[in-house]
Amino acid sequence: MTVEYRTIHSREAERATSLLAGALGQDPSPTLPETETLGAFRGGELIACVESTPLRLNLAGASWAAVAAGPGATRAPSRGAGVMTELVRLLLARAHAGGAMLSLRQTPVMSWHRRNGWELAAEARRYELPIAKVRARADGPKGVLQVLGEEEWKRIATVYEDRLRTANGALERSETWWRERVFRFRGSPREPRKVVAWGPT
């Protein structure tokens, strides 16, 4: 049966969210207004989907148009048949036609991505420190902790943007991204959360 590749309409968005949630093992992050979701349909059934989000990337002091390709997922019976490969080719062709020079994907598995032209650009690491073991330096700079809400997103963004000027590979972030990805908990309903910031006195 022929596979149809096309943009997923708003009325079909719930089907894509369900497919991604099953693949990720958790609710996916909410899509941003600029995100487009592409889907593969067989007999009217959604068998694969991938999100496409335009963004800008800082490299060598310049801002480059790029696209975030993902997350994506394929239903188990259709895996290994090249469906996701074709979806991503369509995504990249559209992004390139729209002016994107680079594409990014975040993945724990590199083999498929290397076969399709990607290479490892960066690694993410997470460090956790038990609060009970954290001690303030007596000779350190003096400051205060502040709890910030969603309406103060710009204060957090300013710190990030100052670093952006010299950080190779940093992504430019929009107001919507700060509000939805930082000041909201993942899942449904999207409950607001606070951010703790430190600043000099």
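What you see is a predicted model; the values in this text were computed from it and never measured.

Asker: Residue-level account of the packing of aromatic side chains, with values.
Answerer: In total, this model carries three aromatic pairs according to the counting rule given. For the ring pair Trp-112 and Trp-118, a centre distance of 6.3 Å and an interplane angle of 25 degrees mean the geometry is stacked. Side by side, Trp-112 and Trp-118 carry an identical accessibility label, which is buried. Ring geometry for Trp-177 against Trp-178: centres 5.0 Å apart, planes inclined by 85 degrees, an arrangement best described as edge-to-face.

Asker: Can you lay out the pattern of salt bridges for me, pointing to particular residues and giving the numbers?
Answerer: Per the stated rule, a full pass over the model turns up 13 salt bridges. For Arg-126, the salt bridge identified is with Glu-128, shortest N-O distance 3.3 Å. Here Glu-128 falls in the exposed class, since its relative accessible area comes to 61%. In this structure, Glu-175 engages Arg-179 in a salt bridge whose closest nitrogen and oxygen atoms are separated by 2.8 Å. Taken together, the positions of Glu-175 and Arg-179, both in helix α5 (residues 175–182) and four residues apart, correspond to about one turn of that helix. Judged by its relative accessible area of 36%, Glu-175 falls in the partly exposed class.

About the thresholds
Residues numbered from 1 in each chain as written. Predicted model: local features only at pLDDT ≥ 70, side-chain atom pairs only at ≥ 80, totals over all residues. Heavy atoms only, no water. Phe/Tyr/Trp six-rings, centres within 6.5 Å; stacked < 30°, edge-to-face > 60°. Buried < 20%, exposed > 50% of the residue type's maximum accessible area, 1.4 Å probe, protein only. Salt bridge = Lys/Arg side-chain N within 4 Å of Asp/Glu carboxyl O. Helix = DSSP H or I, 4+ residues; strand = E, 2+ residues; numbered from the N terminus.

By themselves, these observations are geometric and do not establish any function.
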